[in-house]
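What follows is each chain in one-letter form.
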Amino acid sequence: MRIVKDLLFMFVVSLLFAGLTVSVNQALSSRISLNEKTRYTKQLLDVLKISYPADASPEALQGLQKVHIERGQINGKVVYRGLDNKGNPVGYAFPIGGKGFWGRIDGFLSTENDLKAIRAIVFTSHNETPGLGARIDEPWFRKQFENLQFTDAVGPQKYVEISKADSSGKNKLDGITGATMTTKALEKIVNEDLKSILVNKDRIGRIQWESPQGR
Amino acid sequence: MGISARKIALDGIWGNNPIFRQVLGICSTLAVTNLVANTLVMCIGLIYTQAMSSVTTSLLRTITPYRLRIVTSTLIIAAYVIVLHNVLQAYLPEISTQLGPYVGLIITNCIILGRVEAFAGSNSPAASFLDGVASGLGYSFILLAIAIVREGLGFGTIMGYRLPFEFTHWTIMVMAPGAFFMLGIITWLCRWIDSRSQAAKAAKKK
């Protein structure tokens, strides 16, 4: 008899709290997915250096994305192309990613139209230490990548070097103090992805571009 | 009700402080205290979860079968944390991304289960609510003290604002060892102050 009573109690309590979490989740899910979509759009616009008002509404951002960003595929991987106000291409954005120090680092890297120089870099998600590795998100760090020519390797399999000891010289970037492991991991990610962009260079000209529907 | 509200509040914040007396919730004390802003959100999250879970556990205490009390408490705590996580994602998306897994980890914070089990299970809802808030505040003030020293010495900033003087930053303070040093120092300091005031009280009685 006791076991039946216990089971019944657990069943009712579980039902009650599952109901609570499910209803809160239901009520907020459209807002949460809109937030995620807006974040994604902003990051794409940022990496392609297409300006937008800081207080742009989610709807306005979706509109901008439809006008300024086209989507294509190489080898099943997504590529984006940015357009200026007249519809002329300004550059390409490639998803990049790999193993960081604590977890995966993911983001976008954009190149100029000629596929010879980096346009910008942004990170969409990472689990690096707040205040140390997480500083890869800071503008001063990301700005260092802009305009770097990556047609010639500067070392074995290296187009970009990040080091805190010596940041003078071609394609050498200033690392983050206290975040050696994160910068090393990031250097590997960027170099591998730059290499695959160069390998696929000829295919990019043959992409069929389409205006993205939302994400 | 045998215990006065004043005693519950003082116990949670000082006399029976979760960090330096009960030594609970140390994992988050070490993990989130290198930036004051993150610490603050974590503290607010903890106070909310503790207060809500304590009240709910207390309300259900007369009908909860004794051997099911831990399962029930865990379920209650998890539900409130999931609600908090969703609300942060919906209304404060940036802070939610920054805190990453820490909000979810409130579920495993030992202070919550400790207070629910030790206090809410055998006291009235109002007393449990007060105990929850007081324990949360006791946790928060120690965490904020640690975070201010760590961010100040490690980055030369407080809440992201630069300190008015320049010095060589102690990078070790924002890494794991800095958290251990600060926790040790604060625990010693608080216990030393506490033992001195106890001794003073005892001397007065004579």
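See the structure printed just above.
The structure presented is a predicted model; accordingly, all values stated were derived computationally and were not measured.

A. Structural view of the overall build of chain A. Scanning chain A from N- to C-terminus turns up five helices and seven strands. Each helix (α) and strand (β) of chain A, taken in turn from the N terminus, gives the series α-α-β-β-β-β-β-α-β-β-α-α. The globule rule puts the C-alpha radius of gyration for 215 residues at 17 Å, and the 22 Å found for chain A is more than 25% above it. Each principal axis of the C-alpha distribution contributes one length, and for chain A these read about 80 × 45 × 35 Å. Counting across all 215 residues of chain A, residues that qualify as buried make up 28%.

B. View of the interface of chain A and chain B. The interface of chain A with chain B comprises 22 residues on the first partner and 23 residues on the second. The residue makeup of the side of chain A that touches chain B, split by class, is 10 nonpolar, eight polar and four charged.

C. Examining unusual backbone geometry more closely. With a phi close to 55°, lysine 49 of chain A is a non-glycine residue in the positive phi region. In this fold, lysine 49 of chain A is placed in the loop between α1 (2-47) and α2 (58-68). One non-glycine residue, methionine 159 of chain B, adopts positive backbone phi at about 55°. Here methionine 159 of chain B is to be found in the loop between β1 (157-158) and β2 (161-162).

D. A look at the nonpolar core. In terms of nonpolar packing, the biggest core is built from 44 residues, with Ala79, Tyr80, Val81, Tyr139, Leu143 and Ile146 of chain B touching the most fellow members. Among the elements of the structure, α1 of chain A together with α1 (5-15), α3 (36-60), α4 (69-91), α6 (110-118), α7 (125-155) and α8 (176-205) of chain B are those that each provide at least two residues to this core. The element best represented in this core is α7 of chain B, accounting for 11 residues. The contacts of alanine 79 of chain B, once residues within four sequence positions are left out, are Phe17, Leu20 and Thr21 of chain A. Counting residues in hydrophobic clusters, the runner-up holds 39 residues, among them Tyr92, Ala134, Phe141 and Ala185 of chain A.

E. Seen up close, the pairing of strand β2 (residues 77-83) of chain A. All names here are of chain A. Pairing analysis gives six bridges linking strand β1 (residues 69-74) to β2, with the strands arranged antiparallel. Along β2, the bridge assignment pairs glutamine 73 with valine 78. The antiparallel hairpin formed by β1 and β2 contains two residues in its connecting segment, where asparagine 75 sits at a positive phi of about 50°. By the bridge criterion, four bridges tie β2 to strand β3 (residues 89-99) in an arrangement that is antiparallel. Its bridge partner being in β3, glycine 82 is matched across the sheet by glycine 91.

F. Quick peek at the pairing of β3 of chain A. All names here are of chain A. The antiparallel pairing of β2 with β3 creates a hairpin that spans five residues between the two strands, and glycine 87 there sits at a positive phi of about 90°. The sheet contact formed by β3 and strand β4 (residues 104-112) spans nine bridges and is antiparallel. When the sheet's bridge partners are listed, tyrosine 92 is paired in β4 with threonine 111. Linkage of β3 to β4, two consecutive antiparallel strands, is achieved through a turn of four residues.

Basis of the calculations
Residues numbered from 1 in each chain as written. Chains lettered and ligands numbered in written order. Predicted model: local features only at pLDDT ≥ 70, side-chain atom pairs only at ≥ 80, totals over all residues. Helix = DSSP H or I, 4+ residues; strand = E, 2+ residues; numbered from the N terminus. Rg over C-alpha atoms; globule rule 2.2 N^0.38 Å. Buried ≥ 20, exposed ≤ 12 C-beta atoms within 10 Å, placed from the backbone. Contact = placed C-beta atoms within 7 Å. Nonpolar A, V, L, I, M, F, W, Y, C, P; charged D, E, K, R; others polar. Core = buried A, V, L, I, M, F, W, Y, C linked by C-beta atoms within 7 Å. Pairing = 2+ DSSP bridges.

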